[in-house]
Amino acid sequence: MCKTIKQKVTFKASPAMVYQFLADSKRVAALTGESAMISKRIGGTFSVLSGKISGIIVDLEPSKRIVQAWRRDDFSEGIFSMATFTLKETHLGGTELVLTHRGVPKDLIPDIEEGWRQNFWEKIRKYHKVNAYEN
């Protein structure tokens with residue numbers, strides 16, 4: 001059985017910067033400390049966290065939305081979930097990010113929820129704080 005993960009997080013960084021932390025190979029690799037290859041086109045493939053997560057880019061709207069057919073290396077063969085990242089500028093110039101991750105195997109929900117927090121949200125916050133004046 002599969003479930004949906006929904007997480008809403010805010011960042012002081014702009015939507016353009018947060019988008020890059022999710023969609024740019026070099027930024028994702030720098031953020032996570034692991035290899036990343038992310039296509040910049042719809043229909044292209046991606047691989048992050050040294051191949052532990054991979055999939056296909058379903059939709060891209062720079063600074064606004066990313067949709068991925070997403071799978072972890074421990075998913076059953078041929079099984080993908082759908083991860084949608086929606087970015088919206090806050091009234092203070094930061095970003096509200098909503099992750100809707102559908103079709104996640106029920107037994108992996110807690111681990112994947114924590115993975116998003118530790119591998120991405122916390123690191124984006126930390127990176128932005130350390131490099132607040134860098135674009």
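Going by the structure above, here's the rest.
Report follows, based on the coordinates. The shown structure was predicted, so the numbers you read here are calculated from the model rather than taken from an experiment.

### A closer look at helix 2 (residues 25-32)
Taken together, the buried positions of helix 2 are Val28, Leu31 and Thr32. Burial along helix 2 is one-sided: seen end-on, the buried residues are contained in an arc of 80°. Opposite its buried face, helix 2 presents the exposed residues Lys26 and Ala30, each directed more than 90 degrees away. The backbone nitrogen of Lys26 lies 3.2 Å from a side-chain oxygen of the residue at the head of helix 2, namely Asp24. Just downstream of helix 2, Gly33 is the residue with a positive phi angle, here 75°.

### Some remarks on the packing of aromatic side chains
In total, this model carries 8 aromatic pairs according to the counting rule given. Taking 5.0 Å as the distance between ring centres and 75° as the angle between the ring planes, the aromatic pair formed by Phe21 and Tyr127 counts as edge-to-face. Here Phe21, found in helix 1 (residues 15-23), pairs with Tyr127, found in helix 3 (residues 109-130); they are 106 residues apart in sequence, far enough to count as distant. Residue Phe21 is classed as buried on the basis of its relative accessible area, which comes to 1%. With relative accessibility at 25%, the residue Tyr127 sits in the partly exposed group. Consider the rings of Phe120 and Trp121, whose centres lie 6.4 Å apart with planes at 55°: the pair is tilted. Owing to a relative accessible area of 6%, Phe120 belongs among the buried residues under this scheme. Note on Trp121: relative accessible area 2%, which makes it buried.

### Concerning the sheet that holds strand 2 (residues 37-38)
Across the sheet, 7 strands lie side by side as 1-7-6-5-4-3-2; this open sheet has antiparallel pairing. For this open sheet the edge positions go to strand 1 (2-11) and strand 2, each flanked by a neighbour on one side alone. Where strand 1 meets strand 7 (residues 95-105), 9 bridges bridge the pair, whose relative direction is antiparallel. By the bridge assignment for strand 7, Gln7 is matched with Leu99. Sheet strands in contact with helix 1 are strand 1, strand 2, strand 4 (53-61), strand 5 (65-72), strand 6 (81-89) and strand 7, and its direction is about 160° off that of strand 6.

Definitions and cut-offs
Position numbers for residues start from 1 in each chain and track the written sequence from start to end. Totals for whole chains, interfaces and linings use every residue, but because this is a predicted model, local features are given only for residues with pLDDT of at least 70 and side-chain atom pairs only at 80 or more, for both listing and counting. Side-chain descriptors were evaluated using all non-hydrogen atoms of the structure, hydrogens and water having been removed beforehand. Between buried and exposed lies partly exposed: a residue is buried under 20% and exposed over 50% of the maximum accessible area for its type, with that area taken using a 1.4 Å probe on protein chains only. Runs of H or I in DSSP of at least four residues are treated as helices and runs of E of at least two as strands, each being numbered from the N terminus. Directions drawn from the helix axis to the C-beta atoms are what define this arc. Any pair of N or O atoms that falls within 3.5 Å is considered a polar contact. Within protein, one atom must be able to donate a hydrogen and the other to accept it, and sequence-neighbouring residues count only if both atoms are side-chain atoms. Stacked, edge-to-face and tilted labels apply to pairs of Phe, Tyr and Trp rings (six-membered ring for Trp) whose centres lie within 6.5 Å, assigned for plane angles under 30 degrees, over 60, and everything in between, in that order. The pairing criterion is simple: DSSP has to find at least two bridges between the two strands. When checking whether two residues touch, look at their non-hydrogen atoms; a contact exists if any pair is within 4.5 Å. To obtain each axis, a line is fitted to C-alpha atoms, and for helices this fit is confined to the stretch in contact; angles are then taken between N-to-C directions over 0 to 180 degrees.

That is the geometry; function is a separate question.
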